[in-house]
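Architecture at a glance
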Amino acid sequence: MTINYNLAVSTSKPWTLFKLLLKWRGSIWKAVILELAVWLVFYGILSVIYRTALNPGQQRTFERIVQYCDSRLSYIPLNFMLGFFVTAVVNRWTYLYQIIGFIDNIGLMAAEYVRGRTEQARMYRRNIVRYCELAQVLVFRDISMRTRRRFPTLDTVVAAGFMMPHEKDRYDEIQYKYSKYWVPFQWAFSLTYEARKKGLIESDYYQVVVQDEIKKFRTGLAWICNYDWVPIPIMYPQLVCLAVHTYFLVCLLARQYVVSEHADNKTEVSFPNFKLIF
């Protein structure tokens, strides 16, 4: 979830750090709070068992297990895998944001090159923009749950004004087993052709400029569909998830504070404060 936090950190003041760290919605705290609580419970159970339920011989055995796990913890290359995975996710998110598509450029090109103050010219400009926005709505309905809830059916798209009733009938008549997202773009291209024939677009060059802007918008939506259809290969999320959970599972033993005078760690601390941070 993307949460706007710019206002909270827009100025450098002593409490800015706390305003940033204490954000809850979309934060790391909200993402890991349940697993962190479970981990702390099991860590505490093992610590209590070690200190109260084991005899001296069993405690020495437990301490050797702790030292063994601690010495082998570096075998899990967690930093490398997390760095690779986070880089892939951030790059993917950044590229998707860049190609998400903004209708403003098409509106500017249509207003500039489809000339005329008549009702016909105005409708050409309006419908070119509307058809492109209609295609975006159709795409987002299938990749965004919020958009799907806003437009659960094509009738709601018609009610919102993105599609006319007769256009819906034409749209439904198309028998195609794959997505029909791009039909409104064909309608928009047809309008630019008709506008050129009727002289509302003064030259072929101006028509190409408008069409290129529509094609750029369509290409961005196509890439968004491709990224939605083909996610990151499942083996990578599985590998990272397995590595992270295995690492913290081993940490249940490796990060226990032992009280033996022969152990490397002789400090009696019951709460794993630094282990929660690092």
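Values in this document were obtained by computation on a predicted structure and should not be read as measured data. (Residues numbered from 1 in each chain as written. Predicted model: local features only at pLDDT ≥ 70, side-chain atom pairs only at ≥ 80, totals over all residues. Heavy atoms only, no water.)

**A few points about the UniProt feature "transmembrane region" (unreviewed entry) in the protein**
Basically, it comes down to this: UniProt positions are given in the numbering used here, feature names are shortened, and annotations may be inferred rather than shown by experiment. Strands are runs of DSSP state E lasting at least two residues, helices are runs of H or I lasting at least four, and both sets are numbered from the N terminus onward.
Using the residue numbers shown here, the UniProt feature "transmembrane region" (unreviewed entry) corresponds to residues 28-52, 73-90 and 96-114. When the span residues 96-114 is considered, its composition is 68% helix and 0% strand, and the gap between its end C-alpha atoms is 30 Å.

**A word on the packing of helix α5 (residues 104-113) against helix α11 (residues 204-229)**
Counted only if it meets this: Where helices are involved, their axes are fitted lines through C-alpha atoms of the stretch in contact, as for all axes, and angles between N-to-C directions lie from 0 to 180°. Working rule for angles: under 35 degrees goes down as roughly parallel, over 145 as roughly antiparallel, 65 to 115 as roughly perpendicular, anything else as oblique. Each helix crossing is assigned a hand: it is left-handed if the near helix lies turned anticlockwise from the far helix by less than a right angle, otherwise right-handed if that turn is clockwise. Residues count as neighbours in contact if any of their non-hydrogen atoms are within 4.5 Å of one another. Nonpolar residues are Ala, Val, Leu, Ile, Met, Phe, Trp, Tyr, Cys and Pro. Charged residues are Asp, Glu, Lys and Arg, and all others, Gly as well, are polar.
Close contact between α5 and α11 brings their axes to 9 Å; oriented N to C, the two are set at 165°. The angle between the axes of α5 and α11 places the two elements in the roughly antiparallel class. Crossing of α5 against α11: the hand is left-handed. Residues Asn 105, Ile 106, Met 109 and Tyr 113 of α5 lie in contact with α11, whose contacting residues are Tyr 206, Val 209, Val 210, Glu 213, Ile 214 and Phe 217. A per-class count over the contact of α5 with α11 returns 8 nonpolar, 1 polar and 1 charged.

**Brief notes about the packing of helix α6 (residues 119-143) against α11**
At their nearest, the axes of α6 and α11 sit 10 Å apart, and the two run at 5° to each other. As far as their axial angle goes, α11 and α6 are roughly parallel. Taking contact as the criterion, the partners of Ile 128, Cys 132, Ala 135, Gln 136, Val 139, Phe 140, Asp 142 and Ile 143 in α6 are, on α11, Ile 214, Phe 217, Leu 221, Ile 224, Cys 225 and Asp 228. Of the residues that constitute the contact of α6 with α11, the class distribution is 11 nonpolar, 1 polar and 2 charged.

**Section: the domain arrangement of the protein**
Stated formally: Domain start and stop positions are those given by an automatic or database domain assignment.
Entries for the protein in the domain assignment read domain 1 (21-90 + 234-255) and domain 2 (100-229). Between domain 1 and domain 2, the C-alpha centre-to-centre distance is 51 Å.

**Digging into the environment of Tyr 205**
This is how the line gets drawn: Accessible area is worked out with a 1.4 Å probe on protein chains only. A residue is then buried under 20% of its type maximum, exposed over 50%, and partly exposed in between.
Tracing the backbone shows Tyr 205 in helix α11. A relative accessible area of 58% means that Tyr 205 is categorised as exposed. Sequence separation between Tyr 205 and Tyr 113 is 92 residues; the distance between their C-alpha atoms is 9.8 Å.

**Topic: the side chain of Lys 168**
Here Lys 168 is to be found in helix α9 (residues 165-173). On the accessibility criterion, Lys 168 (18% relative accessible area) is buried. Among residues more than four places away in sequence, those in contact with Lys 168 are Leu 154, Asp 155, Val 158 and Met 163.

**Considerations on the packing of aromatic side chains**
Put simply, the test is: When two rings of Phe, Tyr or Trp (its six-membered ring) have centres within 6.5 Å they constitute a pair, described as stacked for plane angles under 30 degrees, edge-to-face for angles over 60, and tilted for the intermediate range. Whether a charge sits over a ring depends on NZ of Lys or CZ of Arg being within 6 Å of the ring centre and within 35 degrees of the ring normal.
Applying the stated criterion across every chain yields a total of 16 aromatic pairs. For the pair Tyr 247 and Phe 248, a centre-to-centre distance of 5.5 Å together with 80° between the ring planes defines the contact as edge-to-face. Classification of Tyr 247 as buried rests on a relative accessible area of 13%. Relative accessible area serves as the criterion here: at 32%, Phe 248 is assigned to the partly exposed category. Through successive ring pairs, a cluster of aromatic residues spans Trp 39, Tyr 43, Tyr 247 and Phe 248. Positioned over the ring face of Trp 182 is Arg 218, at 4.4 Å from the centre of the ring.

**Observations concerning the environment of Phe 185**
Assignment of secondary structure puts Phe 185 in helix α10 (residues 183-197). Separated by 147 residues in sequence, Phe 185 and Val 38 place their C-alpha atoms 52 Å apart.

**A few points about α11**
Where we set the bar: Helix span, as expected, comes to 1.5 Å for every residue beyond the first.
In a regular helix each residue adds 1.5 Å, so 26 residues correspond to 38 Å; α11 covers 36 Å between its end C-alpha atoms and thus fits that length. Residues of α11 that are buried: Gln 207, Val 209, Val 210, Gln 211, Glu 213, Ile 214, Phe 217, Gly 220, Leu 221, Ala 222, Ile 224 and Cys 225. Of the surrounding elements, those touching the buried residues of α11 are α4 (78-98), α5, α6 and α10.

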